[in-house]
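Here's the letter readout for the chains.
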Amino acid sequence: MVTRVGLVGFPVAHSRSPMIFGHWFERYDIKARYELLPVHPAELDRFFAEFGTMGLTGVNVTVPHKIAAAGHVRLDPVGARLNSINTVWMEDGALAGTSSDGAGFIASLDEQAPDWRSAKRGLVLGAGGASVAVCDALIDAGLDLVIVNRRQQRAELLAAKVGARAMAWDDIPALLGEADLLVNTTSLGMDGHEPLKVDLAPLPAGAVVADIVYNPLRTPLLEAAAARGLTTVDGLGMLIHQATVGFEKWFGFRPEVDAALRAKVVATL
Ligand code: ATR
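Residues numbered from 1 in each chain as written. Predicted model: local features only at pLDDT ≥ 70, side-chain atom pairs only at ≥ 80, totals over all residues. Heavy atoms only, no water.

A. Local environment of the pairing of strand S8 (residues 144–149). Here S8 lies mainly inside the structure; 5 of its 6 residues are buried. Looking at chain direction, strand S7 (residues 121–125) and S8 are connected through 5 bridges and run parallel. Within S8, the residue paired with Leu 125 across the bridge is Val 148. Handedness of the S7-helix H6 (residues 129–140)-S8 crossover: right-handed. Bridge analysis of S8 against strand S9 (residues 165–168) gives 4 bridges, and the strand direction is parallel. The partner of Val 146 across the bridge, within S9, is Arg 165. In this fold, the crossover linking S8 to S9 by way of helix H7 (residues 152–162) has right-handed handedness. (Buried < 20%, exposed > 50% of the residue type's maximum accessible area, 1.4 Å probe, protein only. Helix = DSSP H or I, 4+ residues; strand = E, 2+ residues; numbered from the N terminus. Pairing = 2+ DSSP bridges. Right-handed = clockwise from strand over helix to strand, strands pointing away.)

As structure tokens, this is what we get:
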């Protein structure tokens, strides 16, 4: 029998998830299919009401359904803190859900910069949608975290939500001297956007610099960090590792993020 999992969103056509999961199905010889499931927002309640009859083992959830979906499942602690989910599975006969982005980010740090675990103080640039899960996971990992954002009020709201401190964007040069881990969650440095113009000179030797932007893979920020001899973490790791969470819930073990998978995803960038 073929196990069916998939992605619920609107739209879902451009997802890399079928490729990522397809790689693991092949590698581990699993008879399964990852389906794209476009569900209009007006149909989401019905989708979850009928989930049990559809023969699906679990689903990932993407825009615009991540918050609404949280209302349809039993939330794990991360899902409850964020009130947003991207991974759904069956547990004790009921639907359960979590957000895997933070775990994916942490797994990516562990893979590309294992020494980050000795970091005590983190500085996160950006307080948009992509920043929430990252900040929550870093606080959960025990970091003393400062968040700065161009519009400072967003940083203050996010800091209050996750238990971090908010400072002004103009404070970045002073804050760098105190940061063992610097993370960019803004869109700066992404193809078609301005680069992130931050002088990394004040960062302590041994600091880790991570960018969640993966297009391009080597952002100007990561290039500057590498030029300073600092360990860098690219955004591809988070993109792929977050998918391991659903895979483990549905198939019972954590799949490996191998070089072949990275290469396949890089080819789509
Ligand atoms: P996403 O959901 O992808 O994170 P977003 O919510 O629009 O997208 O957030 C984009 C992030 O990049 C925000 O932190 C944004 O800062 P503002 O909240 O002040 O808009 C940040 N950003 C975008 N352009 C920027 C720029 N030119 N300078 C500084 N920050 C910028």
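Additional details are given in the paragraphs that follow.
B. How the structure looks around the sheet that holds strand S11 (residues 208–211). Strand order in the open sheet made by the 6 strands is S9-S8-S7-S10-S11-S12, with parallel pairing throughout. The open sheet terminates on both sides in strands that have one partner only, identified here as S9 and strand S12 (231–233). Strand-to-strand twist across the sheet, computed as the mean angle between neighbouring axes with direction ignored, equals 20 degrees. Here 4 bridges tie strand S10 (residues 181–184) to S11, and the two strands are oriented parallel to one another. (Axes fitted to C-alpha atoms, helices over the stretch in contact; angles between N-to-C directions.)

C. Just the sheet that holds strand S5 (residues 87–91), in detail. A sheet is described by the order of its strands in space; here 6 strands give the open sequence S2-S1-S3-S5-S6-S4, paired in mixed fashion. Because the sheet does not close on itself, it has two edges, and the strands there are strand S2 (32–38) and strand S4 (74–75). On the sheet, helix H1 (residues 17–27) packs against strand S1 (3–9), S2 and strand S3 (56–61) and is oriented at approximately 170 degrees with respect to S2. (Contact = heavy atoms within 4.5 Å.)

D. Local environment of the domain arrangement of the protein. Here the domain parsing of the protein yields domain 1 (3–99) and domain 2 (103–237). Counting residues at the interface gives 4 residues for domain 1, matched by 6 residues for domain 2. For the pair domain 1 and domain 2, the two sides together bury roughly 460 Å², of which 43% comes from carbon and sulfur. The three residues of domain 1 that bury the most area against domain 2 are Arg 16, Arg 81 and Leu 82, which together make up 87% of that side's buried surface. Counting the contacts that link domain 1 with domain 2 gives 2 salt bridges. Across the contact surface, domain 1 and domain 2 share 2 residue pairs in polar contact (both at pLDDT 80 or more). For the side of domain 1 that touches domain 2, a count of residues per class yields 2 nonpolar, no polar and 2 charged. (Domains from an automatic or database assignment. Buried area = accessible area lost by both parts, 1.4 Å probe. Salt bridge = Lys/Arg side-chain N within 4 Å of Asp/Glu carboxyl O. Polar contact = N/O pair within 3.5 Å; in protein donor to acceptor, adjacent residues only side chain to side chain. Nonpolar A, V, L, I, M, F, W, Y, C, P; charged D, E, K, R; others polar.)

E. A look at the site of the ligand. Close to the ligand lie 14 residues; Ala 130, Asn 149, Arg 150, Arg 151 and Arg 154 are nearest. Taking Asn 149, its side chain carries an N or O atom lying 2.6 Å from an oxygen atom of the ligand. Arg 154 is positioned such that a nitrogen or oxygen atom in its side chain is 2.7 Å from an oxygen atom of the ligand. When isolated, the ligand has an accessible area of 630 Å², and the protein chains bury 71% of it. (Near = heavy atom within 4 Å. Areas by Shrake-Rupley, 256 points an atom, 1.4 Å probe, with all protein chains shown as cover.)

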